[in-house]
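# Inside the fold
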Amino acid sequence: MKRALITGINGQDGSYLAEFLLDKGYEVWGTLKRNSVSENQSSRLLSNTFNRVRLEYADMTDMSSLIRILQLCKPDEIYNLAAQSHVRISFDQPVYTTEVVAVGTLNLLEAARIICPTSRIYQASSSEMFGNNIDPDGYQRETTPMSPVSPYGCAKVYAYNICRNYRNSYNMFISNGILFNHESPRRGTNFVTNKVVKEAVKIKKGLSNSLSLGNLDASRDWGHAKDYVKAMWLILQHEQADDFVCATGVSHTVRDLVEYTFNKLDLNWKQYVKHDKKYYRPEELDNLKGDCTKAKTELKWKHEYTFESMIDEMIEYWDQKL
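On a predicted model such as this, the values are computed, not experimentally measured, just so you know. (Residues numbered from 1 in each chain as written. Predicted model: local features only at pLDDT ≥ 70, side-chain atom pairs only at ≥ 80, totals over all residues. Heavy atoms only, no water.)

### Re the overall build of the protein
For clarity, the cut-off: Helix and strand definitions follow DSSP, with helices as H or I runs of at least four residues and strands as E runs of at least two, each counted in order from the N terminus. Radius of gyration: over C-alpha atoms. The globule rule applied is 2.2 Å multiplied by the number of residues raised to the 0.38 power. The contact rule is simple, with two residues in contact once any of their heavy atoms fall within 4.5 Å. In these tables, accessible area is a Shrake-Rupley quantity obtained with a 1.4 Å probe, and a residue counts as shielded only by the protein chains included in the view. For the purpose of charge, His is not counted, nor are the chain termini; Lys and Arg are scored as positive and Asp and Glu as negative. For the purpose of locating charges, the reference atoms are NZ of Lys, CZ of Arg, CG of Asp and CD of Glu.
For the protein, the helix and strand inventory stands at twelve helices and 13 strands. Scaling as 2.2 N^0.38, a compact globule of 322 residues should have a C-alpha radius of gyration of about 20 Å, and the protein matches this with 19 Å. Summarising its shape, the C-alpha atoms of the protein cover approximately 60 × 45 × 40 Å along the three principal directions. The contacts in the protein between residues at least 6 apart in sequence include a share of 80% that link residues at least 24 apart. Of the roughly 14000 Å² of accessible surface on the protein, a fraction of 46% belongs to carbon and sulfur atoms. The centroid of the 40 positive side-chain charges in the protein is displaced by 3 Å from the centroid of its 40 negative side-chain charges.

Encoded structure:
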């Protein structure tokens, strides 16, 4: 039985990855950051998952806590998913974001180098690292120059590069998954996809009468988190450590997202959507669209969800929950 450690197991990706690995027969451990409302610490872990995983408190900014859990767990695989992951909030909390995402990754790598140097490590890198750099064909791929436009993106570039440095310096198996936007019903409701879907369903049910958004022209490559956690696992099963873009290759604007969601609910979005400048970034990221040819070719990775089926699932979730 392989043993896997997931930092940030209580996040969207961590919860889906835990389920995926348990189905694969893994023994799964996860780190939780203490929250004053204890129910929030594991709210995304379904009961049949919660009862089958080993949860330990740790913090990416506290290297001693990472050393402690690595000594306890002795993992075969480590999936580093812990982060302050909201890009807009990274402008409000740039130092904290950098400490968790950049220095936190370094803390984990150094702890692993000391405690379990043969563990295979997956680093959750991000399409935000590219910024507004786009190849001539309109896509971003592993070779696209990185020029981030947010504190979050900058921190992820450091984490990406320190992973490559440790891989080359210490012959450790460390791979970067450069994941483009991925969503699900478990996405935080302050992220635009779940924010739009939840509020639209509330409007349909008469529980709300407006939705405030920022830049409707921002374009993103949105996929489903379930598809992307499969990619994470495949990346660590590859014969050698490497870096892979994971994306759908199709982008939609926030306006497309709003129109599709409201149309599915037989609503005219223009009657309800309001613009609010507080949701704009100080420096905007205009378009993200990834080329995942390498992942499809070398990992045999494929998608099960489309943009539309993903949004349909999120609509159904909130329709039943609200």
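### What to know about helix α6 (residues 94-115)
Put simply, the rule reads: Any helix carries an expected span of 1.5 Å times its number of residues minus one. Two axes define the bend at a residue: one fitted to the seven residues ending there, one fitted to the seven starting there, and the bend is the angle between them. Only protein chains enter the calculation, and the probe is 1.4 Å; a residue is then buried if its accessible area is under 20% of its type maximum, exposed if over 50%, and partly exposed in between.
Between its first and last C-alpha, α6 extends 30 Å over 22 residues, near the 32 Å set by a 1.5 Å rise per residue. Along its length, α6 reaches its greatest deviation from straightness, about 35 degrees, at Gly104. Here α6 has its buried residues at Thr97, Val100, Val101, Ala102, Gly104, Thr105, Asn107, Leu108, Leu109, Glu110, Ala111 and Ala112.

### Side note on the nonpolar core
Here is the rule: In these notes, a set of buried Ala, Val, Leu, Ile, Met, Phe, Trp, Tyr and Cys residues joined through side-chain atoms within 4.5 Å is what counts as a nonpolar core.
Core analysis: the largest hydrophobic core is formed by 35 residues, its most contacted members being Ile6, Leu21, Val28, Tyr79 and Tyr122. Secondary-structure elements contributing two or more residues to this core are β1 (3-7), α1 (12-23), β2 (27-32), β5 (120-126), α9 (225-237) and β11 (243-246). With near-sequence residues (within four places) excluded, Tyr122 lies in contact with Ile78, Tyr79, Asn80, Leu81, Ser175, Gly177, Leu179, Met232, Ile235 and Leu236. Within the second largest apolar cluster, 25 residues are counted, among which are Val196, Phe262, Phe307 and Met310.

### Digging into the packing of aromatic side chains
Put simply, the rule reads: Note on aromatic pairs: the rings of Phe, Tyr and Trp (six-membered ring only in Trp) are paired at centre separations within 6.5 Å, and the planes decide the class, stacked below 30 degrees, edge-to-face beyond 60, tilted for the rest. A ring is scored as having a charge over it whenever the NZ atom of a lysine or the CZ atom of an arginine sits within 6 Å of its centre and within 35 degrees of its normal.
For the structure on display, the rule yields nine aromatic pairs. When the centroid spacing of 6.1 Å and the interplanar angle of 35 degrees are considered together, the rings of Phe130 and Phe180 count as tilted. Residue Phe130 is found in the loop between β5 and α7 (151-170), and its partner Phe180 is found in the loop between β6 (174-179) and β7 (182-183); the two are separated by 50 residues along the sequence. A relative accessible area of 0% places Phe180 in the buried class. Counting every residue linked through ring pairs, the aromatic cluster contains Trp222, Tyr260 and Phe307. Across the ring face of Tyr170, the terminal group of Arg113 is positioned such that the distance to the ring centre comes to 4.9 Å.

### Some points on the side chain of Thr31
Mapped onto the secondary structure, Thr31 falls in strand β2. For Thr31, a relative accessible area of 6% corresponds to the buried category. Here Thr31 is in contact with Leu5, Ile6, Thr7, Gly8, Ile9, Asn10, Glu56, Ala58 and Ile69, once residues within four sequence places are set aside.

### Points about the pairing of strand β4 (residues 77-80)
Heads up, the rule is: Should DSSP find at least two bridges between two strands, the strands are regarded as paired.
Residues Glu77 and Tyr79 of β4 are buried on one face, and the alternating residues Ile78 and Asn80, pointing to the opposite face, are buried as well. Strand direction decides the pairing type here: β1 and β4, joined by four bridges, are parallel. From the neighbouring strand, Thr7 faces β4, where its bridge partner is Asn80. Of the strand pairs in this sheet, β4 and β5 are connected by four bridges, and their pairing is parallel. Across the sheet, Asn80 pairs through a bridge with Gln123, a residue of β5.

### Looking at the packing of helix α4 (residues 63-73) against α6
For clarity, the threshold we go by: The axes used here are C-alpha line fits, helices contributing only the stretch in contact, and every angle between their N-to-C directions lies in the interval 0 to 180 degrees. Roughly parallel means an angle under 35 degrees; roughly antiparallel, over 145; roughly perpendicular, 65 to 115; everything else is oblique. If you view the pair so one helix is near and one far, a crossing is left-handed when the near helix is turned anticlockwise from the far one by less than a right angle, and right-handed when it is turned clockwise. Charged residues are taken to be Asp, Glu, Lys and Arg, nonpolar residues to be Ala, Val, Leu, Ile, Met, Phe, Trp, Tyr, Cys and Pro, and polar residues to be all remaining types, Gly included.
Close contact between α4 and α6 brings their axes to 9 Å; oriented N to C, the two are set at 40 degrees. The pairing of α4 with α6 is recorded here as oblique in orientation. Viewed along their axes, α4 and α6 form a crossing whose handedness is right-handed. Each of Met63, Leu66, Ile67, Leu70 and Gln71 in α4 lies in contact with α6, whose residues at this interface are Gly104, Asn107, Leu108, Glu110, Ala111, Ala112, Ile114 and Ile115. Per-class residue counts for the contact of α4 with α6 are nine nonpolar, three polar and one charged.

### Comments concerning unusual backbone geometry
A negative phi angle characterises most non-glycine residues, just as the trans form characterises most peptide bonds. In this structure, Asn171 takes a positive phi of about 55 degrees despite not being glycine. By relative accessible area, Asn171 is classed as exposed at 71%. Although it is not a glycine, Asp266 adopts a positive phi angle of roughly 55 degrees. Inspection of the secondary structure assignment puts Asp266 in the loop between α10 (254-264) and β13 (273-275). Exposure remark for Asp266: the relative accessible area of 67% places this residue in the exposed category.

### Considering the pattern of salt bridges
Inclusion rule: Whenever a carboxyl oxygen of Asp or Glu lies within 4 Å of a side-chain nitrogen of Lys or Arg, that contact is scored as a salt bridge.
Taken as a whole and assessed by the stated rule, the structure comprises 20 salt bridges. Close ionic contact of Asp319 with Lys205 constitutes a salt bridge, the shortest N to O distance being 3.4 Å. Here Lys205 lies in the loop between α8 (192-204) and β8 (211-213) and Asp319 lies in helix α12 (residues 307-321), a separation of 114 residues in the sequence. By sharing partners, the salt bridges in this structure join Asp135, Asp137, Arg141 and Asp291 into a single network.

### Section: the environment of Gln123
With respect to the element layout, Gln123 can be found in strand β5. Sequence spacing of Gln123 and Asn80 is 43 residues, and the spatial spacing of their C-alpha atoms is 5.2 Å. Sequence-distant contacts of Gln123, that is, excluding residues within four places in its chain, are made with Asn80, Thr105, Lys156, Ala159, Cys163, Ser175, Asn176 and Gly177.

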